[in-house]
Each structure stands twice: as C-alpha cells, then as structure tokens.
Amino acid sequence: MNDIRVHAVESINLVSQDGLEKLIRILQSSGEAHQVVVLAPFTDVNLELNNLLHVAMQRDERLWSMQEQRFTRWTALVEDLLAVPAGTKVLDRIKQGFADMEDILRSIWLVQEISEGAKRYAGALCDSWVADIACHWANLHDLSSNLLGYADSQKKHSVEEAVLFVYGAVKDGQSEYAAASLAAQLGAVGVTFWNNSSLLHNADHREVPSALVIRSLSYAEATELSFFGAPIIHSHALVPAIAASLDVQLRCWKEEQDPGTIISKHGDQIEPNRVKGFSIIHDIALINVEGAGMSGVIGIASRLFSAMRKASISVVLISQASSEYSICFAVPEHEAERACATAKKEFAPELEAASIQSIEAETGLAVLAAVGQQMTGQAGVAGKFFSSLGKAGVNVIAIAQGSSETNISAVIKGSDSKKALRALHARFFLSKRAISVGLLGPGNIGGTLLQQISKETIRLKEQFGLDIHIRGIANSRKMLLDQDGIDPGDWKERFENEAVELDQDLFTRHIGATYFPHSLIIDCTTSSQLAEQYVSWLESGIHVITPNKKAGTAPMEYYQRLLETSMRTGKRFLYETTVGAGLPIIWTLKDLVQTGDTVHRIEGIVSGTLAWLFSSYDGSVPFSALVRQAKEMGYTEPDPRDDLSGMDVGRKTVILARELGYSLEVEDIPIQSLVPESLDGCSPSEFMERLEAIDPVIEAAYKEAVAKGEKLRYVGIVDERGNCSASLKSYASDHPFAQASGTDNVICFTTDRYLSQPLVIKGPGAGREVTAGGVFSDILRLAAYLGARI
Ligand SMILES: NC(=O)c1ccc[n+]([C@@H]2O[C@H](COP(=O)([O-])OP(=O)(O)OC[C@H]3O[C@@H](n4cnc5c(N)ncnc54)[C@H](O)[C@@H]3O)[C@@H](O)[C@H]2O)c1
Ligand SMILES: N[C@@H](CCO)C(=O)O
Ligand code: NA
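Residues numbered from 1 in each chain as written. Chains lettered and ligands numbered in written order. Predicted model: local features only at pLDDT ≥ 70, side-chain atom pairs only at ≥ 80, totals over all residues. Heavy atoms only, no water.

Caption draft 1: Quick peek at the overall build of the chain. Broken down by element type, the chain carries 29 helices and 26 strands. Its C-alpha radius of gyration of 37 Å places the chain more than 25% over the 28 Å reference for a compact globule of 790 residues. Taking the intrachain contacts of the chain between residues at least 6 apart in sequence as the baseline, contacts between residues at least 24 apart amount to 72%. Summed over its atoms, the accessible surface of the chain is roughly 34,600 Å², and 50% of this surface lies on carbon and sulfur atoms. Taken as two groups, the 73 positive and 98 negative side-chain charges of the chain have centres that lie 3 Å from each other. (Helix = DSSP H or I, 4+ residues; strand = E, 2+ residues; numbered from the N terminus. Rg over C-alpha atoms; globule rule 2.2 N^0.38 Å. Contact = heavy atoms within 4.5 Å. Areas by Shrake-Rupley, 256 points an atom, 1.4 Å probe, with all protein chains shown as cover. Lys, Arg positive; Asp, Glu negative; His and termini not counted. Charge placed at Lys NZ, Arg CZ, Asp CG, Glu CD.)

Encoded structure:
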C-alpha cells in the first residue's frame, strides 16, 4: 500500500503567512511520507471573482480599476510570502494569468453573458495561484512539492513528491468528494477532511456546551448522523471512502492539535458508548393521515409515498400505528402545505368516501435522533432515551426507529429541542457524578474556594469521576449563569463582563436543572434571607453546603424543618465550616453522639478573629489597628461587629448545642459584647472608621488580666444542662486556652469516654484558605454520598 494521505481543505484561508505555516506544520506532523492536498476554492477569492465577472457582464467601467487592485493585492501577497527566485516564477505565472483573465473579462463584456466555461476557467486560475504559492512555500520549507490540475490528477496512481497540491475546477463543497475519490484511486491510507468551523460533537455544541468530541464512528453511524443534520460530515463524500474501506478523519483547522474523529469500517466498536451522538433536524412538519377505512387496506402507504416522491418532497421520517388507523410522516416545514395538498389530491376519493377522515399538517416541530450502531438489540437504550425526554418535560409527538436500529428518532416541538438535547446529553454522556454547582457569595471564602476547585478539577475527574460544573455564580447584586460551566480559574473577568442582574429564582432553577445528575448550591454569604431558602432548595432536589451560620441558628422551628427535609429528601445539608472553619468539629461531635457517647460539656475558643486579636494584643499596638488587620486578612465576618459583639461565638455555641439535641435560640443566651454602645447602631463602614472607641475597653480588661498573671480569651460554653454562654475570660498561663496562638481555635469536649482528659481539637479557626478548604471537603463528602470512591 502506498504511504499516502489525502487532505481536503475546505473554506480555509491558505493565502496568508499564518495559513501557510499551519499547513506546513500539519503536513510535517502527518505520519505518511506522501501527502496530497486537494484545494477547495477559497470562498473569499471565489466571491470576489464572481463579483468581477458580474461587473464585466454589466459593462461597468469600474471593472478595470477593480482588476488592477486585485493584481496589486496578489503581487504584494506573493512578494510578502515568497523569497526572490521562487517568488519571481509565481509572479510571472500570476501576471500571465491576469492577462488571460483580461481576455475572459473582455469576452464577457462583449457578449454580456457569463458562460459556465468562463466561470470554471477563471476559478481554476485563482486556485492555481493559491496552489502555486502553497507549493513554493512548502518547497522553501524543505517539503519537496508539486502541483497538478484536478483533471490531470485523475490519471495518477502514485505520488513521488512529499506534497502534491491538486487544484482546479472543483466546486465549493465538493473538494471532499474529490479528495476521497483520489485517495481511493491512489490507494491512500486515509483521507482527512479539514473544516474551519468545529470538530464533530455528540450533540450540537452550540446548544449543548458540554457536548464531547466523538472520537470514532462506523460508516453507517457517520452516514446516519449526517442525514440527521450533523454539520461537517458530507455523506456523499463518504461514498468513495466507504467503497475503498478508507479511514476518514474529520478535523478542524482551528484546533490543529486535536486528532478529531475517525470514521472507519469498525468504528462503532472502538468507543464504549452505545449511543454515539444526538442530532436534530429543525423546521419539520408532521403530516397526519387519519381514517378508520385505511386499516387493512393494501397499498395506502405505497400510494402516499409514491405521491410524495413524484412531487419531489423528501420524507424525513415515517411512523405508522400498528392499528393502521393513521400514518404520519415528517417533511421539511416549507414543504408542509404542498405535502398536504399532494396527499389530499392522491386520496380525494377516500376523503370523499370518508374512509380517510383527515389529512393535516402540524408545524413547528423537530426530529431528534440518537445514533449508534451498538444500540442494536440493546434493551434499555430506547427506554433511557424516552424516559430522559419525559423527565425533562419534553412531549414526544411521534416515534420511529430505523430497522437498521442505527437510530431512534422522536418528533418533538421545535421549542423543546434545546431542552431535549441537553437532557439526553446529560443522561447518556455526563458522568453519573456530574454536579451542577451554584456559588452564592464569591467573596473571601467563595473566591478562594473557586481557586481551590480550579486547581483540582481535572484530578477529581480523573481519580474519582467527580465532575464539577460551576454553572452559576452570584453576589448580592449580579449573577453569571452558564449552561456548561464557568471556568473557576477565570471567573472574575467573565463575571465583570457578562454578569446580569441577580434573579434568585432563575439562579435556583438553573442550578437545579433536572438534566444534571446532581445539583448543589454553596452559600458563602452571611445572608439570613438565603438561609431561609435552604428548605425549598432541598425540596427541589438541590444539596446545600455552607459556611454561613444563619441556618444553623435560625429559629428552632425552621432548623428542625431543615433537618427533617434533608432526611426525607436524601438531599444533604453540610455545614462543617460554620464552627472552627476547616477544623473537623461538627463531624467529630456527630460521631461522638452517633456512637453513643454522652457529651457533658463543650468549652472552647471558637472565634478565630478574637483568638488572633487577644493572642496578638500586648498593649503596644492599639486593639483597633489589629481589628483592621484581621479584617484585611479575611478572618473577620464581613461586618467585624459580628465577631466583636460575641455574636459569632454565641452562634457557634448554639450550633454545637443543637447538635447535642438541645432546643434553644441565640437570643436566649448570655453573650458579652466588646462593642461600645456608641458604635452599636452605625453602618459597617462608619463602624470601621470609629473603631478606636473600642481601645479603652480592651486596654482596661488587658491590664486587669496582666495584673493576675493571666491571658484574655473569649470563650463559648455549652454546659451539662445545655446552657450556652459566650464571654471574655482570663486564664492562667499554663491553661491550654492561654497557650493558643494565632487564629487557633481550641475546643474541649468532655464526654463519658473523654472524662478526665477531654478530647481537644486545636488549629487555625478562621481564614480564607482553611475555611474554603473545609467547604471543599464538604463537597467531597457529598461526592462520597453520591457514590464517588473518595
Ligand atoms: N472568613 C472566615 O474565616 C470564615 C470562616 C468560617 C465561616 N465563614 C463564613 O463564610 C461566609 C463568607 O464569609 P467571607 O469572609 O467570605 O465574606 P465576604 O464578605 O468576603 O463575602 C460575602 C459575599 O457574599 C455576597 N452576598 C451577600 N449577600 C448576598 C446575597 N443575598 N446573595 C448573593 N450574594 C450575597 C457578597 O456580595 C460577597 O461576595 C460567612 O457566612 C462567614 O461567616 C467565614
Ligand atoms: N469570623 C469568624 C470566621 C469563622 O467562622 C471567626 O473569626 O472565627
Ligand atoms: Na469546622
């Protein structure tokens, strides 16, 4: 076999330095020793040429200046691209070509008619210049090359040079057919069809952004997909390739590195997916022929379809009920009226006799097809197909399955087609652990979480099959939604440019899209109003993860409803970071309780901010300056008064107490505030400006503690009876609390099992990295529930 590959380059601009360089790269990296490049007329050149011929036909005086401009452009191009000796030869040919062109234009001018021959000649001339330039360029780049007119190439049975450029008289769109025929004739190993729009996806990637590239197809699958409107496969171009059993590659010029799709004899057996892709034909009408008198009558269908054939109406799909009471068939919408009229004419006698009652067209439809040879005999594929449509709320109007079983088709409303495609794609191609994620509050924690996810996405997908799609991000004013997923590594720029006004309902519906296997909202705000929605999110099938303490400290009635809803729906509510940030506090406590230990007392430093402030403060720097620093470092609540008022500690102790089964409200527990009354009512920004007012209070407390040889620590307590409190205390320097430094939280659990020696958890309890990390581990915990082996 000859070591030859034939390439068809369709609608690709080769006459530029970029284009030529890319061509050489591609040819050099192709494995075969000989390459044939069949050039298709480059559309722009073509358009310009057509225009010129028309101007000549209209005897428009501008013709000659146009022709001169063209000449200048071509010569400039050649001078730019090619070095002197080669360039001069090409230039000479172009000059000669322009002289010939002038003769042609003159004759058109004279006879005021553009003959097919003139058109072909002029077209081939332009192609030959492109081929000439490309050929010389290749020679300059160490690829021995030659060029040949298409007609001459028909006599060839071998290729000597590294690259052979074939040009001329191939109509736009037919270079692929020509390339495949030539490949068959040359006994090539394969043919590559280059296009300039896209790779072949398993669903239209403009409608299903998460669609994947199909890597292999059999001839039958490819033909079927092309029939169902898949772009970039031209079934007529496959014919010579199929006859010669050639491998056909579909590649995209814009994605030079991607190997694209291979169509081959046994291409259906390479990929494990039984369904290879989904395709849609838009603008379809369904013609319904109905009547009791048709039942059992031989020849109705044959009369109907031969009438359609005679009227040259292409029938896209046929479906007949086994009762034979009705036949319906799909035609392109613009043929609907004619198809109805044709059928009515054919069956005029039957209509008269009322053995056929009605012939009617329903418009605004689409045909959706699943294609895959390995669907054959596979029970369940059709079931999965139709149940996915049903779940997505897509009404199926008619069904047909080709007897080859290479496709299953459904007629649906045109307006449902996007929804249907997405539902099918998710069900058949997305991993079972694909999660549609919405992030509310991309601030300190939310923003850092996105960074962390961005670094791990690929590993999580490869290692655990966990497929995180961040499909929405919103702050208090704006939101950014994306069908497929927002790249968490570069969300900021998109958010700035594309975000629209926040619509919370729309956000929730978008994240909860039924065609994703799982949905999750991560609430990284401090909003109570959002916390009030958790129940409804869980009800609509969305899991919830949050570092926001508002739900855990909401009125008991709501809190209990939240837990009950989570239990009942099986949707998770995870909130480890509401206490001790990333430290495993909540889960430790749950484990103790669930394994039958009795917890007597919890006592701890649970505010990272206050821990850092009191371990840093030594009277040398004002306390207020330290608060500003803590905010800067991302330790504090968005409004630091939540920390300084003790509220944050109060909330955390309530969350812990509720975990032990106690019923209590934050309002009912004693909380010592460090915020001077004078700063209570002001706005957060005014508070930050007037922060110095806090300094004397702290200084006094500090001095008192120092006098006793003790250290100030703000602690939360849940006592033996479930009473909670939050207050500033001082501890002797050998006490574990006194020894904590930085943002360290220290939490002591005194239980039956840990009685004389309490169980202590200690470590950084605030900050962007540790908290976001804690939220991330809640995501992985959720994934484990969903079946990931993490
Ligand atoms: N900072 C920490 O160390 C830490 C530790 C544990 C828990 N938390 C909790 O994490 C949460 C976030 O803290 P942060 O420091 O990232 O705050 P932040 O102020 O940096 O970010 C909050 C974000 O929420 C957005 N937001 C507010 N209301 C909203 C609404 N109704 N809808 C949508 N977005 C809204 C804001 O626009 C902002 O983007 C808080 O609940 C906090 O208690 C923080
Ligand atoms: N502001 C809180 C964040 C952790 O919940 C703290 O300092 O502990
Ligand atoms: Na925690």
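Caption draft 2: Geometry of the site of ligand 1. The environment of ligand 1 is formed by 25 residues, the closest being Asn 444, Ile 445, Thr 525, Glu 637 and Gly 767. Contacts to ligand 1 include Ile 445, whose backbone N or O atom sits 2.8 Å from an oxygen atom. Between an oxygen atom of ligand 1 and a main-chain N or O atom of Gly 767, the distance comes to 2.7 Å. In the complex, the protein chains occlude 85% of the 830 Å² of accessible area that ligand 1 would expose alone. Residues of the shell around ligand 1, tallied by class, amount to 9 nonpolar, 14 polar and 2 charged. Shared between two domains, the shell around ligand 1 holds at least three residues of each, these being domain 3 (434–578 + 775–785) and domain 4 (585–766). (Near = heavy atom within 4 Å. Polar contact = N/O pair within 3.5 Å; in protein donor to acceptor, adjacent residues only side chain to side chain. Nonpolar A, V, L, I, M, F, W, Y, C, P; charged D, E, K, R; others polar. Domains from an automatic or database assignment.)

Caption draft 3: Focus on the nonpolar core. Among the nonpolar cores identified, the biggest contains 69 residues, and Tyr 534, Leu 613, Phe 614, Phe 623, Leu 644 and Phe 749 are the most heavily contacted of them. Considering every element that reaches this core, the biggest residue donor is helix α25 (residues 647–659), with 5 residues. Here this core spans two domains, and each of domain 3 (434–578 + 775–785) and domain 4 (585–766) adds at least three residues to it. In this structure, Phe 614 is in contact with Phe 623, Leu 674, Ile 698, Leu 712, Arg 713, Tyr 714 and Leu 728, ignoring residues within four places of it in sequence. Among the nonpolar cores identified, the runner-up in size contains 50 residues, and Leu 63, Trp 129, Ala 134 and Leu 147 belong to it. (Core = buried A, V, L, I, M, F, W, Y, C linked by side-chain atoms within 4.5 Å. Buried < 20%, exposed > 50% of the residue type's maximum accessible area, 1.4 Å probe, protein only.)

Caption draft 4: Spotlight on the site of ligand 2. Neighbouring ligand 2 are 13 residues, the closest being Lys 549, Gly 608, Thr 609, Glu 637 and Asp 643. In this structure, a nitrogen atom belonging to ligand 2 sits 2.9 Å away from a main-chain N or O atom of Tyr 635. Asp 643 is positioned such that a nitrogen or oxygen atom in its side chain is 2.8 Å from a nitrogen atom of ligand 2. In the complex, the protein chains occlude 93% of the 250 Å² of accessible area that ligand 2 would expose alone. Secondary-structure elements contributing two or more residues to the shell around ligand 2 are α22 (608–616) and α25. The residue makeup of the shell around ligand 2, split by class, is 3 nonpolar, 5 polar and 5 charged.

Caption draft 5: Structural view of the domain arrangement of the chain. With domains assigned, the chain is organised as domain 1 (4–196), domain 2 (277–429), domain 3 (434–578 + 775–785) and domain 4 (585–766). Computed from C-alpha coordinates alone, the two centres of domain 3 and domain 4 are separated by 28 Å. At the interface, 18 residues of domain 3 touch 19 residues of domain 4. When domain 3 packs against domain 4, close to 1,500 Å² is buried across both sides, 55% of that on carbon and sulfur atoms. Broken down residue by residue, the surface that domain 3 buries against domain 4 is led by Lys 549, Thr 553 and Met 556, which jointly contribute 35%. Our count for the domain 3 to domain 4 interface comes out at 2 salt bridges. As a salt-bridge pair, Lys 549 and Asp 648 come within 3.0 Å of each other at their nearest N and O atoms. Applying the counting rule to domain 3 against domain 4 returns 9 residue pairs in polar contact (both at pLDDT 80 or more). (Buried area = accessible area lost by both parts, 1.4 Å probe. Salt bridge = Lys/Arg side-chain N within 4 Å of Asp/Glu carboxyl O.)

Caption draft 6: Representation of the pattern of salt bridges in the model. Counted according to the given criterion, the structure contains 34 salt bridges. Among the ionic pairs, Glu 456 bridges to Arg 459, the shortest N-O distance being 2.7 Å. On the criterion of helical spacing, the pair formed by Glu 456 and Arg 459 is a turn pair, its members being 3 residues apart in helix α15 (residues 444–464). Here the salt bridges share partners, and the residues they tie into one network are Lys 549, Glu 637, Asp 648 and Lys 652.

Caption draft 7: Inspection of the pairing of strand β19 (residues 518–523) at higher detail. For β19, the buried fraction is high: 6 of the 6 residues fall into the buried class. Of the two faces of β19, the one carrying His 518, Leu 520 and Ile 522 and the one carrying Ser 519, Ile 521 and Asp 523 are both buried. Where β19 meets strand β20 (residues 542–545), 4 bridges bridge the pair, whose relative direction is parallel. Considered in β20, the bridge of Ile 522 is made with Ile 545. (Pairing = 2+ DSSP bridges.)

Caption draft 8: Layout of the sheet that holds strand β17 (residues 478–481). Sheet architecture is open: 7 strands sit in the order β18-β17-β16-β15-β19-β20-β21, paired in mixed fashion. The sheet terminates laterally at β18 (500–501) and β21 (573–574), the two strands that pair on one side only. When β17 meets β18, the two strands line up antiparallel, connected through 2 bridges. Within the sheet, the bridge partner assigned to Lys 478 lies in β18 and is Glu 501.

Caption draft 9: Quick look at a positive patch on the surface. Taken together, Arg 274, Lys 384, Lys 391, Arg 427 and Lys 432 make up a surface patch of like positive charges. As for its placement among the helices and strands, Lys 391 is situated in helix α13 (residues 381–391). (Patch = residues over 30% accessible without salt bridge, like charges linked within 9 Å, V, L, I, M, F, W, Y side chains within 5 Å.)

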